[in-house]
Amino acid sequence: QVQLVESGGGLVQAGGSLRLSCAASARPFSEYSMGWFRQVPGKEREFLAAISWSGVRTLHADSVKGRFTISRDNAKNTVYLQKNSLRSEGTAVYYCDGRPDGRMSVRHNEYNYWGQGTQVTVSS
């Protein structure tokens, strides 16, 4: 069974940076597209970024363009989300999602797997 484990969250001041990691047990991981989403209680999961199976193509939400960057290292079965210039609205649980057909999507329900999430709290 595929497992995704997010890490790297924590407490950070507004304007600071974090890099989130997602370690996958998928085989072959290199054929999965991956996405990052975030969620606060009572709201739908918000799309942040996606990356193709090869890493050649990426897609970032307008709300995070220029601040967040998705990347992957297929040799390590890991996808990353570099988060710069953090804002208070960035406080949420962050999830990585996997899609075995390799196609990117902005919709959480079009991914097949996701982890337990990692909490990010932005303070001022």
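Residues numbered from 1 in each chain as written. Predicted model: local features only at pLDDT ≥ 70, side-chain atom pairs only at ≥ 80, totals over all residues. Heavy atoms only, no water.

Peer 1: Can you walk me through the state of the cysteines in this structure?
Peer 2: The term disulfide refers to a covalent linkage connecting the sulfur atoms of a pair of cysteines. The full count for this structure, using the stated rule, is one disulfide. The disulfide partner of Cys22 is Cys96, and the gap between their sulfur atoms is 1.8 Å. Taking the sign of the torsion about the S-S bond as the criterion, the disulfide between Cys22 and Cys96, at about 45 degrees, is right-handed. Of this pair, Cys22 sits in strand E3 (residues 18-24) while Cys96 sits in strand E9 (residues 92-99), and the two are 74 residues apart along the sequence. As far as burial versus exposure is concerned, Cys22 and Cys96 are alike and both buried. (Disulfide = S-S within 2.5 Å. Helix = DSSP H or I, 4+ residues; strand = E, 2+ residues; numbered from the N terminus. Buried < 20%, exposed > 50% of the residue type's maximum accessible area, 1.4 Å probe, protein only.)

Peer 1: Can you help me understand the pairing of strand E5 (residues 46-51) in this one?
Peer 2: Two faces belong to every sheet, and in a regular strand the side chains alternate between them. Burial runs high along E5: five of the six residues are buried. Linking two consecutive strands that pair antiparallel, namely strand E4 (residues 33-39) and E5, is a turn of six residues; a positive phi of about 85 degrees is found at Gly42 within it. Alignment of E5 against strand E6 (residues 58-60), held across three bridges, turns out to be antiparallel. Within E6, the position partnered with Ala50 by the bridge is Leu59. (Pairing = 2+ DSSP bridges.)

Peer 1: Which parts of the structure should I look at to understand the sheet that holds E3?
Peer 2: What holds strands together in a sheet is hydrogen bonding between their backbones, with the strands either parallel or antiparallel. The strand order E1-E3-E8-E7 describes an open sheet built from four strands, whose pairing is antiparallel. Of all the strands in the sheet, the pair left with one neighbour each is strand E1 (4-7) and strand E7 (68-73). Averaged over all pairs of adjacent strands, the angle between strand axes in this sheet comes to 15 degrees, irrespective of strand direction. Pairing between E7 and strand E8 (residues 78-83): six bridges, direction antiparallel. For Asp73, the partnering residue across the bridge sits in E8 and is Thr78. (Axes fitted to C-alpha atoms, helices over the stretch in contact; angles between N-to-C directions.)

Peer 1: Would you mind showing me how to read the nonpolar core here?
Peer 2: The tendency in soluble globular proteins is for nonpolar side chains to be buried as a group. The biggest cluster of nonpolar side chains holds 31 residues, and the ones touching the most others in it are Met34, Trp36, Val79, Leu81 and Tyr94. Listed by contribution, the elements that provide at least two residues to this core are E3, E4, E5, E7, E8, E9 and strand E11 (118-123). Considering each element in turn, this core owes the most residues, five residues, to E5. (Core = buried A, V, L, I, M, F, W, Y, C linked by side-chain atoms within 4.5 Å.)

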